Each structure stands twice: as structure tokens, then as C-alpha cells.
Amino acid sequence: AKGEFEPYFQFVVDRGGTIIGAETVSRWQSPEDGLLPPSKYIDLMIRAGTVTEHDLYMLRCACAQLQSWRREGLEKLCLSCNFTRQSLSDERTLPRVREIAEQYDFSHGCLIIEITEDCLVHDRSAAAETLNGLIALGFHIALDDMGAGYSSLSDLCTYPIDGVKIDRSIVIESALPRARALLEGMIRLSHDMGIRVLCEGVEDKAMCDAVLAAGCDFIQGFYFSRVLPGREAESFLRSLAGRDREEG
């Protein structure tokens, strides 16, 4: 209500290094403590039962940004935003999502709802119902932090997931033979199921080369883009567009 939460963006690139979209994340501009990352307040919101309001607010921010990009001729860029397990299991979430999305002009196929593995463990029937409703609205579903240890591989069959994000802990260890084999196996399994793969937490060229060699489709991490506030994200995009015009 006070407008203290702000959307930040971290860009995602394809295998050629071209930006294809971004993840929407929140930051709390606390009057007492300054700018805080989600790790400082999301668990508190979950315990207080207010995290769904946060998730829906960030969804609204993502819809507004997609509408803005569409008006600027950037309608092919995608945005993702995160839903926690409380949001996914709340029967009131889906109608509110529909109400928010109807207020903005953007292609629903450009919006990705990221869910964590524990969402599927919390309330399986409610999660499936909400996910099916989100897909009916035209959104895509991605499983975040795959490999963090909550879900079984059967969840990839049970739920309508069309994208996975491999947890950064696996990416960071990918120089080790066993971790590299795990990474390659997860990507190969996902591809065999028609699921696209994003590797997150890519921080340097060595990691980038490793995930590309393993066959991932998309990359996210500090090697390509830091987490940027709205204005800086827009400047980042404009600078890339200007560079492309010069090179063209």
C-alpha cells in the first residue's frame, strides 16, 4: 500500500547471447533498513500469510512491463515472475490473476509463472488445479530451482511444466565430473520430455561454456546481467539496441 516494493529485472539470454526476456524479482525499499532482497522478507510474509499479496503485486508489475515493451515494439520479450506455494494452493489466486491480466495489453504467451519445487509438495491437487487454470489463460509454467531437493522427477510428468530452471548449486559445481554428468543428464531428460532448460547462476565464462556444452537452452546470471531496477533495465536494453544498430 505504501509502494515500498519495487520490481527489479535480471535478463535471460539464449545460446547465442541474445536477450529473450527477464525474470521479475522484488526488492523492499524499507524506510528503516534500506533496500532489502527477498531473502530478508519472503519467509516473514509466508508466516504472516501475506505472501500471496506480494506475488500478485509482482505479477501486476510484470504485466505492466510487458505492456510497455509491447508498445515499444519489444513484444517478443518474455517475463517471468514467481509464485510461492501459498499462492499456488489458494483457490482465490486464479480469479485474481485473470482480473489483473485483463487490465493489460500483452501476449499471454510472453508471461512465465515460476514455481518452486516445494509448491508441488505442499498441496498437490490445489497446485494442479491452479496450474491448469494459468495455462488456460495462455501463460507458461517453469519449475524453478530444479535439483534443490524437494520434488521427484515424476513431477515433470504429473504437472503441465514446459520449462525448468536448474538450480545454481549444480551449475556452480559443473566443473566437477559428477556434477557435470548430473547437469547433462537433467538437461537431456528435460529435452526428451519436450521441456526447455534454463541454467541460472552463471557467473563467468567457464560456467557459461559448461552449461552450453551440456546443452541448455537459456542462461541467466551475473555473467550476462545483474539484477537491475526498472530504469537501469530499460537503459540496458536501449544500449544493446543501439549497439545492434551500429553493428548492423
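Before any of the text, the structure's been laid out above.
Residues numbered from 1 in each chain as written. Predicted model: local features only at pLDDT ≥ 70, side-chain atom pairs only at ≥ 80, totals over all residues. Heavy atoms only, no water.

1. Notes on the overall build of the protein chain
When helices and strands are counted, the protein chain shows 11 helices and 10 strands. Dimensions of the protein chain, computed from the C-alpha atoms along their principal axes, are close to 45 × 45 × 40 Å. For the protein chain, the proportion of its 248 residues judged to be buried stands at 47%. By element, 51% of the accessible surface of the protein chain is carried by carbon and sulfur atoms, the whole surface being about 12,600 Å². Averaging the positions of the 26 positive and the 39 negative side-chain charges in the protein chain gives two centres separated by 2 Å. (Helix = DSSP H or I, 4+ residues; strand = E, 2+ residues; numbered from the N terminus. Buried < 20%, exposed > 50% of the residue type's maximum accessible area, 1.4 Å probe, protein only. Areas by Shrake-Rupley, 256 points an atom, 1.4 Å probe, with all protein chains shown as cover. Lys, Arg positive; Asp, Glu negative; His and termini not counted. Charge placed at Lys NZ, Arg CZ, Asp CG, Glu CD.)

2. So, the packing of helix H2 (residues 51-71) against helix H4 (residues 93-101)
For any two helices packed against each other, one specifies the crossing angle of their axes together with the interaxial distance. Viewed as axis vectors pointing N to C, H2 and H4 meet at an angle of 25°, and their least axial separation amounts to 10 Å. As the angle between them shows, H2 and H4 are arranged roughly parallel. For the pair H2 and H4, the crossing hand works out as right-handed. On the side of H2, the interface is formed by Thr52, Glu53, Leu56, Leu59, Arg60 and Cys63, while H4 contributes Thr93, Arg96, Val97, Ile100 and Ala101. The residue inventory of the contact of H2 with H4, partitioned by class, reads six nonpolar, two polar and three charged. (Axes fitted to C-alpha atoms, helices over the stretch in contact; angles between N-to-C directions. Parallel < 35°, antiparallel > 145°, perpendicular 65-115°, else oblique. Left-handed = near helix turned anticlockwise from the far one by under 90°. Contact = heavy atoms within 4.5 Å. Nonpolar A, V, L, I, M, F, W, Y, C, P; charged D, E, K, R; others polar.)

3. Let's talk about the side chain of Thr24
Residue position: Thr24 is located in strand S2 (residues 19-30). Setting aside anything within four residues of it in sequence, one finds Thr24 in contact with Pro7, Tyr8, Phe9, Met58, Ala62, Leu79, Ser80, Cys81 and Asn82.

4. Quick notes on the nonpolar core
Membership of the largest hydrophobic core comes to 60 residues, with the highest contact counts inside it found for Leu59, Leu111, Ile113, Leu134, Phe139, Ile166 and Cys199. The element best represented in this core is H2, accounting for six residues. When near neighbours in sequence (up to four residues on either side) are disregarded, Leu111 contacts Leu59, Ala62, Cys63, Leu66, Leu79, Cys81, Phe106, Phe139 and His140. By size, the runner-up hydrophobic cluster in this structure holds six residues, among which are Tyr41, Ile42, Met45 and Val51. (Core = buried A, V, L, I, M, F, W, Y, C linked by side-chain atoms within 4.5 Å.)

5. Quick word on the pairing of strand S8 (residues 196-200)
Across the five residues that make up S8, a large majority, four, are buried. Direction of pairing for strand S7 (residues 163-166) relative to S8: parallel, over a ladder of four bridges. Considered in S8, the bridge of Val164 is made with Val197. A crossover connection joins S8 to the parallel strand S9 (residues 218-220) through helix H10 (residues 205-214); in handedness this β-α-β unit is right-handed. (Pairing = 2+ DSSP bridges. Right-handed = clockwise from strand over helix to strand, strands pointing away.)

6. A look at unusual backbone geometry
With a phi angle near 55°, Asp145 is a residue other than glycine that sits in the positive phi range. Along the chain, the position of Asp145 falls in strand S6 (residues 140-146).

7. Considering the pattern of salt bridges
The full count for this structure, using the stated rule, is seven salt bridges. Of the charged contacts, one joins Lys165 and Glu114 as a salt bridge, the two residues approaching to 3.1 Å between their closest N and O atoms. Of this pair, Lys165 sits in strand S7 while Glu114 sits in strand S5 (residues 111-116), and the two are 51 residues apart along the sequence. Judged by its relative accessible area of 2%, Lys165 falls in the buried class. (Salt bridge = Lys/Arg side-chain N within 4 Å of Asp/Glu carboxyl O.)

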